[in-house]
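Below are the chains, spelled out letter by letter.
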Amino acid sequence: CVGCVWGVVYSAVENVDDFKILYNGSIGNDAIGHWLCVYYRNETKCVEVYDSVYHMLNDNFFEILDILYPSKSNVVFKSVIKQPDGYSCGVFAIAFATSLIFGRNPSDECYIIDYNNMICKTWTLRNHLNNILVSTLLQPFPTNHTHVA
């Protein structure tokens, strides 16, 4: 179908700034995939990719970006804090989107990562996300200091 990737229908976004949290992967009980945040700046027609793991997208992601942002001039991978594990990409994608909503640059954010017995954990970020969902009040994710790329 036109505007379809993985059975999901996407519609074009033009003439406004826009962000999306996108998922790439399988669906089901044994699903393996990855979440990331993209931001479209209408003024520059640039799509900024905020990804806590990679610096590349597969062809399916580019297909989605072509459908969502047909007027885009380019795609730029922004330097952001990397997740400390193999399963926190969703929390980081939401944190990046939240920073954008509050007019903050995710590339400048150093979200709090907990260290317990030399093991990195994302408890603070997950607790903050839980508080947002329970209270229905969106607040910026906690940070330690400015991220240095």
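Residues numbered from 1 in each chain as written. Predicted model: local features only at pLDDT ≥ 70, side-chain atom pairs only at ≥ 80, totals over all residues. Heavy atoms only, no water.

**Describing the pattern of salt bridges**
Pairs can form between side chains of opposite charge whenever their charged atoms are close.
Here is step 1: One pass over the structure, following the stated rule, counts 4 salt bridges.
Here is step 2: Residues Lys 20 and Asp 18 are paired through a salt bridge, measuring 3.0 Å at the closest nitrogen-oxygen approach.
Here is step 3: Residue classification places Lys 20 among the partly exposed positions, given a relative accessible area of 25%.
Here is step 4: Glu 109 is paired through a salt bridge with Arg 104; the nearest N and O atoms lie 2.8 Å apart.
Here is step 5: Residue Glu 109 is classed as buried on the basis of its relative accessible area, which comes to 6%. (Salt bridge = Lys/Arg side-chain N within 4 Å of Asp/Glu carboxyl O. Buried < 20%, exposed > 50% of the residue type's maximum accessible area, 1.4 Å probe, protein only.)

**Here's the deal with the nonpolar core**
Here is step 1: Counting 18 residues, the largest nonpolar core has Tyr 50, Ile 81, Phe 92, Phe 96, Tyr 111 and Phe 141 as its most contacted members.
Here is step 2: Top element by residues in this core is helix α2 (residues 89-101). It accounts for 6 residues.
Here is step 3: Beyond its immediate chain neighbours, meaning those up to four positions away, Phe 141 contacts Val 91, Ile 94, Ala 95, Thr 98, Tyr 111, Leu 125, His 128, Leu 129 and Ile 132.
Here is step 4: Within the second largest apolar cluster, 13 residues are counted, among which are Val 13, Val 38, Val 49 and Leu 57. (Core = buried A, V, L, I, M, F, W, Y, C linked by side-chain atoms within 4.5 Å. Helix = DSSP H or I, 4+ residues; strand = E, 2+ residues; numbered from the N terminus. Contact = heavy atoms within 4.5 Å.)

**Quick notes on the sheet that holds strand β3 (residues 18-25)**
Here is step 1: Spatially, 4 strands are ordered β3-β4-β5-β6 in an open sheet, and the strand pairing comes out mixed. The sheet terminates laterally at β3 and β6 (74-78), the two strands that pair on one side only. Averaged over neighbouring strand pairs, the angle between their axes works out to 30 degrees when direction is ignored.
Here is step 2: Both strand β4 (residues 33-41) and strand β5 (residues 46-50) contribute to a ladder of 5 bridges, which runs antiparallel. By the bridge assignment for β5, Arg 41 is matched with Cys 46.
Here is step 3: Here helix α1 (residues 59-68) sits on the sheet and contacts β3, β4, β5 and β6; the angle it forms with β3, its principal contact strand, is near 150 degrees.
Here is step 4: The strands touched by α2 are β3, β4 and β5; relative to β4, the strand with the most contacts, the crossing angle is about 15 degrees. (Pairing = 2+ DSSP bridges. Axes fitted to C-alpha atoms, helices over the stretch in contact; angles between N-to-C directions.)

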